[in-house]
Amino acid sequence: MIELLNTLVPVFLIILLGAALRHGGFIPRPMAHWANRLTYWVGLPALLFLEAVDTQIAVLNRWDLLVVLLGGTLACIGAGYAAAHAIQGSIRSGELIQSAFRGNLAFIGLPVIAYSMQGDTELLTLAVLLIVALILFYNVVSVVVMIEGWHHLNRRMIGLIGRRLSTHPLVLACLLGLIVAGLGYELPTVLRRSIEPVGRMALPLALISIGAMLDPRQIHGFEVPILAASLIKVALAPLAGFAIALALGASGEPLRMTLILLACPTASTTFILAEHSGGGQLTAGAIVASTLLSLFTLGVVLSLPMP
């Protein structure tokens, strides 16, 4: 229990610090957006680049964990479609589905893994690579589900998917790092020492910016679809992933790391595409609700004995 508290409580205390600073007026909303952008475009790419540069080729041979992640995510997409069909009304089905499967991997998952697996650099590197693979999947599927129907998937939308992937900072940083690692090139000391402190700022700044952006008032008016999307994201995803892992024989701390990623709340980046598509309120509410619920689901994942 002490180890669980030492792992999870600091993450949410830093999120609460961000919320307190925001509501106390210390961090105005424009600054919260600035911190979020700084983390997304600078801090996290620096961290992922260094982790990828230090990659040992052996960690790439864990396709079972990738199958667990993709299987859990596909289960969420199916459940999201079912929930959207059952609720119907005035909600936008794409918005609910995206909120139900797209997790906050870099801003929540990576800090929780870093706190829970201190000193295990191989697992952290593996987590980074799995995150990048899932981000690629997220970006493709998010654009698709936000379209009114599959028949609208035309050349223009395929081009949009390509542009999103080719300009995604986390994907580009990890791919560049893997290229450097594959070439056997060792970073000059001056370059590594310049990038490392920028990467170290990413995790705490990510958590502070999440807290500063949260607003419980965003839940009002969409309670049922928000609750449905949030429960699918933080509860169904790790349950489905665990079932798939048992079938594949995945076990130990790598499995726990994978379930942490599946139990992450709805990603804050889902709001960008939802707002661009004419929605946003349901997604904003799901971000708030799933983040609060993930305190319990992540706690369960961290305390479970792994097979």
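Heads up: the structure comes first, above all this text.
Heads up: these notes are all about the structure in this document. Remember, it's a predicted structure, so these values are computed and weren't measured experimentally.

1. As for the pattern of salt bridges
And step 1. Applying the stated rule across the entire model yields three salt bridges.
And step 2. Salt-bridge contacts for E253 lead to R256; the nearest nitrogen and oxygen are separated by 3.0 Å. Of this pair, E253 and R256 are both found in helix α12 (residues 252-262), three residues apart, which corresponds to roughly one turn of the helix.
And step 3. Residue classification places E253 among the partly exposed positions, given a relative accessible area of 34%.
And step 4. Overall, R256 belongs to the buried group, its relative accessible area being 9%.

2. Points about helix α8 (residues 169-182)
The periodicity of an α-helix, 3.6 residues per turn, causes residues three or four places apart in sequence to face the same way.
And step 1. Taking 1.5 Å per residue as the helical rise, α8 with its 14 residues ought to reach 20 Å, and the 20 Å between its terminal C-alpha atoms agrees with that figure.
And step 2. Among all positions of α8, only P169, L170, V171, A173, C174, G177 and V180 are buried.
And step 3. Among the residues trailing α8, G184 stands out with phi positive, at a value near 75 degrees.

3. Things to note about the side chain of T266
And step 1. The topology assignment puts T266 in the loop between α12 and α13 (270-276).
And step 2. A polar side-chain atom of T266 sits 2.7 Å from the main-chain carbonyl oxygen of S99.
And step 3. Residue contacts for T266: discarding those within four places in its chain leaves S99, R102, N104, K233, A286, I287 and S290.

4. Focus: the packing of aromatic side chains
And step 1. Summed over all chains, the structure comprises two aromatic pairs.
And step 2. Ring plane angle 85 degrees and centroid distance 5.4 Å describe the contact between Y40 and W41, whose orientation is recorded as edge-to-face.
And step 3. On the basis of relative accessible area, W41 is assigned to the partly exposed category, the value being 46%.
And step 4. With centroids separated by 5.8 Å and ring planes inclined at 65 degrees, the aromatic side chains of F101 and Y138 adopt a geometry described as edge-to-face. Of the two residues, F101 is situated in helix α4 (residues 93-101) and Y138 in helix α6 (residues 121-145); the sequence distance between them amounts to 37 residues. Here F101 and Y138 have matching classes, each one buried.

5. Regarding empty space enclosed by the protein
And step 1. One pass over the full model with this rule turns up one cavity of 30 Å³ or more.
And step 2. Elements that contribute at least two residues to the lining of the largest cavity include exactly α5 (105-116) and α6.
And step 3. Its residues assigned to classes, the lining of the largest cavity comprises eight nonpolar, five polar and one charged.

6. Digging into the packing of helix α3 (residues 63-87) against α12
And step 1. Relative to each other, α3 and α12 sit at 25 degrees, their axes nearing to 10 Å. Overall, the two elements α3 and α12 adopt an arrangement that is roughly parallel. You can see that α3 and α12 cross each other, and the crossing is right-handed. Only P254, L255, M257, T258, L261 and L262 of α12 make contact with α3, whose side of the interface consists of L65, V68, L69, G72 and T73.
And step 2. Residues of the contact of α3 with α12, tallied by class, amount to eight nonpolar, three polar and no charged.

Rules of the game
- Residues numbered from 1 in each chain as written.
- Predicted model: local features only at pLDDT ≥ 70, side-chain atom pairs only at ≥ 80, totals over all residues.
- Heavy atoms only, no water.
- Salt bridge = Lys/Arg side-chain N within 4 Å of Asp/Glu carboxyl O.
- Helix = DSSP H or I, 4+ residues; strand = E, 2+ residues; numbered from the N terminus.
- Buried < 20%, exposed > 50% of the residue type's maximum accessible area, 1.4 Å probe, protein only.
- Expected span 1.5 Å × (residues − 1).
- Polar contact = N/O pair within 3.5 Å; in protein donor to acceptor, adjacent residues only side chain to side chain.
- Contact = heavy atoms within 4.5 Å.
- Phe/Tyr/Trp six-rings, centres within 6.5 Å; stacked < 30°, edge-to-face > 60°.
- 1 Å grid on protein atoms, 1.4 Å probe; cavity = no way out; pocket = protein on both sides within 12 Å on 5 of 7 lines; lining within 4 Å.
- Points joined across faces, edges and corners; volume = space filled by probe spheres on them.
- Nonpolar A, V, L, I, M, F, W, Y, C, P; charged D, E, K, R; others polar.
- Axes fitted to C-alpha atoms, helices over the stretch in contact; angles between N-to-C directions.
- Parallel < 35°, antiparallel > 145°, perpendicular 65-115°, else oblique.
- Left-handed = near helix turned anticlockwise from the far one by under 90°.

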